[in-house]
Amino acid sequence: METKLRTENKMGTMSVGKLLANMALPMVISMLVQALYNVVDSVYVSRVSENALTAVSMAFPIQNLMIGFSTGVGVGMNSLLSKCLGSREYDRGNLAAGNGLVLSGICCLLFMLFGAFGTGVFFQVQTDIPEILTGGVQYLRICTLFSFGIFGEIVFERLLQATGRTMFTMVTQGIGAILNIVLDPLFIFGGLGIPAMGVAGAAVATVVGQIVAFCLAMVFHFWKNPEVSVTLPTMRLHGSVLKPILAVGVPSIIMVAIGSVMCFTMNQILVGFTSTAVAVFGAYFKLQSFIFMPIFGLNNAMVSIVAYNYGARKPDRIRKTVVLSCVVAFLFMLCGFAVFQLMPETLLSMFAPTAEFLAIGCNALQTISWAFLVAGFCVILSSVFQALGTGLYATIVSLARQLLVLLPAAYLLSLSGRLEMVWWSFPIAEIASVMVTSVLMLRIYRQKLRPLVEEQKALGV
């Protein structure tokens with residue numbers, strides 16, 4: 001109990017700036033390492049061939065969907081668990097952890113089945129170029145059949161984050177990513193007795209890193225996370241626990257699914273110009289992860305703090321956390337905007353670019369990066385919706401931005417016959433997103449936060 005109270009004091013009483021830095025910094029560092037691994041992975045693959053990079057880019061929607069399902073279950077579990085810790089409902093918190101673990105296992109099984117039976121069809125509907133088709137199927141099949149690594153890693157990291165032990169998640173994610181980076185050249189090009197496996201080698205390095213991170217996160221949880229107890233009884237599914245987990249998690253999954261649909265459809269629009277444009281789009285997604293991944297790390301810390309203080313009925317701490325998170329996110333995005341505008345050729349030179357790749361890529365990076373100026377605000381507030389149990393709002397924002405605005409805009413702009421016009425669909429969609437997000441944030445303030453403020457005033461707090 002003493003340990004629990006110390007955790008409560010940290011989440012509910014430490015100054016917001018110090019608390020956010022204390023919790024977010026380890027996750028931001030680990031996310032930067034993850035972003036580095038994403039880029040290095042593609043850099044090595046690009047050394048095989050441009051078609052190999054295109055194959056990995058075409059596999060991205062399914063990889064993104066795997067991460068979406070795992071983080072969706074994780075954020076739903078984390079939101080309920082943090083709220084239970086804030087309101088001192090420890091038994092219910094344990095049920096949230098156990099049920100979240102079972103849900104994650106079910107999702108993992110579905111992707112393993114897809115890996116066994118669906119990867120060939122997935123690539124056949126996208127391309128008939130033999131090198132892209134063969135490499136893509138090999139890469140995606142390995143990633144999905146061994147997806148228990150990423151699912152296990154994320155669910156146990158969320159358990160550590162819910163109690164404020166983000167330093168351990170930095171260690172697990174960092175070691176997993178560094179291992180991936182080290183193994184990439186060995187498995188892709190061969191060495192030390194390991195045969196060259198090409199694109200398939202990149203997938204093997206990825207899943208090995210994920211499995212090691214999963215094992216470490218599980219050890220840290222059972223060794224250093226006494227506030228949350230995961231036992232067989234807690235893994236028995238309870239409707240009263242599943243409902244709030246899914247209420248937050250499913251909208252989060254849908255948001256990522258929408259993103260995967262966007263990437264898949266955008267690839268089809270771009271391949272109508274040239275397959276090089278698809279490779280450029282894939283390279284952009286790897287590069288922009290340096291900007292967005294740290295914000296996702298900040299988000300993970302913010303969700304726990306907001307959910308905890310919502311359970312503890314402390315609206316002032318919620319407000320301070322959200323405002324500070326928005327400011328930090330904007331500064332991250334402003335730096336990213338400057339780099340993409342001033343150094344696009346330097347960034348793209350890592351991918352062994354052809355002249356065509358470089359010309360298309362520089363224009364793409366400079367155009368899309370205009371969206372960065374407002375994207376941080378939208379990312380943070382979408383996570384606030386999830387932390388307060390209204391994940392549906394986050395889904396609405398994602399749906400409006402990616403399916404209702406971005407894809408139609410990209411298609412209409414593609415009719416001009418000019419590839420450079422298609423990239424402007426991203427800034428257009430982000431402007432629409434910030435408008436919708438602002439309206440929904442005002443609505444959630446009136447529904448969820450204003451009553452807490454009035455309650456505090458009535459109590460003279």
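Conventions adopted
Residues numbered from 1 in each chain as written. Predicted model: local features only at pLDDT ≥ 70, side-chain atom pairs only at ≥ 80, totals over all residues. Heavy atoms only, no water. Helix = DSSP H or I, 4+ residues; strand = E, 2+ residues; numbered from the N terminus. Rg over C-alpha atoms; globule rule 2.2 N^0.38 Å. Contact = heavy atoms within 4.5 Å. Areas by Shrake-Rupley, 256 points an atom, 1.4 Å probe, with all protein chains shown as cover. Lys, Arg positive; Asp, Glu negative; His and termini not counted. Charge placed at Lys NZ, Arg CZ, Asp CG, Glu CD. Patch = residues over 30% accessible without salt bridge, like charges linked within 9 Å, V, L, I, M, F, W, Y side chains within 5 Å. Salt bridge = Lys/Arg side-chain N within 4 Å of Asp/Glu carboxyl O. Core = buried A, V, L, I, M, F, W, Y, C linked by side-chain atoms within 4.5 Å. Buried < 20%, exposed > 50% of the residue type's maximum accessible area, 1.4 Å probe, protein only. Phe/Tyr/Trp six-rings, centres within 6.5 Å; stacked < 30°, edge-to-face > 60°. Lys NZ or Arg CZ within 6 Å of the ring centre and 35° of its normal.

1. Considering the overall build of the protein chain
The helix and strand tally for the protein chain stands at 18 helices and zero strands. Over its C-alpha trace the protein chain gives a radius of gyration of 22 Å, about what one expects of a compact globule, namely 23 Å for 461 residues. Taken along its principal axes, the extent of the C-alpha atoms in the protein chain is 65 × 50 × 35 Å. A sequence separation of at least 24 residues applies to 82% of the contacts in the protein chain between residues at least 6 apart. Per element, the accessible surface of the protein chain, about 17900 Å² overall, is 70% carbon and sulfur. Taking the 27 positively charged and 19 negatively charged side chains of the protein chain as two groups, their mean positions are separated by 13 Å.

2. Describing a nonpolar patch on the surface
Judged by side-chain polarity, Ile106, Leu109, Leu110, Leu113, Phe117 and Leu237 come together as a nonpolar surface patch covering roughly 630 Å² of accessible area. With respect to the helices and strands, the residue Leu109 is situated in helix α4 (residues 90-117).

3. Some details on the nonpolar core
Among the nonpolar cores identified, the biggest contains 119 residues, and Met266, Leu270, Phe281 and Trp423 are the most heavily contacted of them. By residue number, the principal contributor to this core is helix α11 (residues 275-311), which donates 19 residues. Non-local contacts of Trp423, meaning those with residues more than four positions away in its chain, are made with Leu270, Ala277, Phe281, Ile360, Asn363, Ala364, Thr367 and Ile368.

4. Section: the environment of Leu440
Examined against the element boundaries, Leu440 turns out to sit in helix α18 (residues 425-458). Residue classification places Leu440 among the buried positions, given a relative accessible area of 10%. With residues up to four places along the chain from it excluded, the contact list for Leu440 reads Phe385, Tyr393, Ile396 and Val397.

5. Let's talk about the packing of aromatic side chains
Per the stated rule, a full pass over the model turns up 21 aromatic pairs. Geometry around Trp223 places Lys224 over its ring, the cationic atom sitting 4.6 Å from the centre.

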